[in-house]
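Letter by letter, the chains look like this.
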Amino acid sequence: EKLSSMTNLKDQALALEEVLKAMGDELRAVSRGAVNVETFTNRFIEELDYSKSSKRQLVKYTLNRIDQHYNAGRTGEMVIDVGMVNLEHVLPQAPEKNWGLNKEDVEEFVNRIGNLTIISKKINSTMGNKSLKDKLVLMKESELEINKKLVDIIEHGGGHWNEKEILARGKGLAAVSFNEVWKI
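Residues numbered from 1 in each chain as written. Predicted model: local features only at pLDDT ≥ 70, side-chain atom pairs only at ≥ 80, totals over all residues. Heavy atoms only, no water.

Draft legend 1. Representation of the overall build of the chain in the model. Regarding its fold elements, the chain presents nine helices and two strands. Along its sequence from the N terminus, the chain presents helices and strands in the succession α-α-α-α-β-α-β-α-α-α-α. Evaluated residue by residue, the chain yields a buried proportion of 38% over its 184 residues. Pairs at least 24 apart in sequence give 69% of the contacts found in the chain among residues at least 6 apart. (Helix = DSSP H or I, 4+ residues; strand = E, 2+ residues; numbered from the N terminus. Buried < 20%, exposed > 50% of the residue type's maximum accessible area, 1.4 Å probe, protein only. Contact = heavy atoms within 4.5 Å.)

Shown next as structure tokens:
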């Protein structure tokens, strides 16, 4: 009613924006009561698993959206061409001796989102099952903010990458997704 009485289109647009913002705030408040962060985190980590082939595109999409979020407020010039990036396992699915682990040691957590990133096909083609030290050198070549943050996590964590770090990163990605990317 208030909108229809306004004659200035700019005023109508501003008023409509206020109404939509209020509706969005109300919807988020309701959804927060329905989905708590703990439930979201558990499902996020469980569902976004590379071993589920039907989920791989969703994993890639999610990591892309998180990277976009990390780049928010910048110029917006860099947009990922999803056809030019691959999913990469930081800890390989079949680690070589330099990791001190074997395939059986890692099968419970190697495919979790905390161990995955998106990286250019060019860089990815040279990564293989290399040591963490060698992979970090290659990851530093990436222009993606998600990889810069991942390198920082590994380096500030003492240069270790194992189940504990993978699960912690997965929880961190879930928190960013819940609170900032999708603002559930």
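Draft legend 2. Main features of the packing of helix α7 (residues 132-139) against helix α8 (residues 145-156). The contact between α7 and α8 brings their axes to 10 Å, and the two run at 145 degrees. Judged by the sense of rotation from one axis to the other, the crossing of α7 with α8 is left-handed. Contacts between α7 and α8 involve Leu 132, Leu 136 and Met 139 on the former and, on the latter, Asn 147, Leu 150, Val 151, Ile 154 and Glu 155. For the contact of α7 with α8, the residue count by class is six nonpolar, one polar and one charged. (Axes fitted to C-alpha atoms, helices over the stretch in contact; angles between N-to-C directions. Left-handed = near helix turned anticlockwise from the far one by under 90°. Nonpolar A, V, L, I, M, F, W, Y, C, P; charged D, E, K, R; others polar.)

Draft legend 3. The arrangement of the pairing of strand β1 (residues 85-89) in detail. Taken across its five residues, β1 has four buried, putting it largely inside the fold. With five bridges joining them, β1 and strand β2 (residues 116-120) adopt antiparallel strand pairing. Residue pairing in the sheet places Glu 88 in a bridge with Thr 117 of β2. (Pairing = 2+ DSSP bridges.)

Draft legend 4. Quick look at the packing of helix α4 (residues 56-70) against α8. Look at α4 against α8: their axes get within 8 Å of each other, and the N-to-C directions meet at 85 degrees. For the element pair α4 / α8, the angle class is roughly perpendicular. Along its contact with α4, which presents Leu 63, Ile 66, Asp 67 and Tyr 70, the element α8 presents Glu 145, Ile 146 and Lys 149. Classifying every residue of the contact of α4 with α8 gives four nonpolar, no polar and three charged. (Parallel < 35°, antiparallel > 145°, perpendicular 65-115°, else oblique.)

Draft legend 5. Local environment of α7. Looking only at α7, the buried set comprises Leu 132, Lys 135, Leu 136, Leu 138 and Met 139. Mapping the buried residues of α7 onto a view down its axis gives an arc of 160 degrees, with all of them on the same face. Exposed positions of α7 whose direction lies more than 90 degrees from the buried face are Lys 133 and Val 137. On its buried face, α7 is in contact with β1, β2, α6 (121-127) and α8. (Arc of directions from axis to C-beta.)

Draft legend 6. Local environment of a nonpolar patch on the surface. A contiguous nonpolar surface patch, about 270 Å² in accessible area, is contributed by Val 19, Leu 20 and Met 23. Looking at the element boundaries, Leu 20 is found in helix α2 (residues 9-34). On the basis of relative accessibility, which here comes to 45%, the residue Leu 20 falls in the partly exposed class. (Patch = residues over 30% accessible without salt bridge, like charges linked within 9 Å, V, L, I, M, F, W, Y side chains within 5 Å. Areas by Shrake-Rupley, 256 points an atom, 1.4 Å probe, with all protein chains shown as cover. Salt bridge = Lys/Arg side-chain N within 4 Å of Asp/Glu carboxyl O.)

Draft legend 7. Spatial organisation of a negative patch on the surface. Together, Glu 104, Asp 105, Glu 107, Glu 108 and Glu 163 make up a negatively charged patch on the protein surface. Among the secondary structure elements, Glu 104 is positioned in helix α5 (residues 103-106). Look at Glu 104 and you get exposed, because its relative accessible area is 56%. (Lys, Arg positive; Asp, Glu negative; His and termini not counted. Charge placed at Lys NZ, Arg CZ, Asp CG, Glu CD.)

Draft legend 8. Quick peek at the environment of Val 82. Positionally, Val 82 belongs in the loop between α4 and β1. Setting aside anything within four residues of it in sequence, one finds Val 82 in contact with Lys 60 and Asn 64.

Draft legend 9. Up close: the side chain of Asn 64. Tracing the backbone shows Asn 64 in helix α4. Discounting chain neighbours no more than four positions away, the residues touching Asn 64 are Ile 80, Val 82 and Ile 118.

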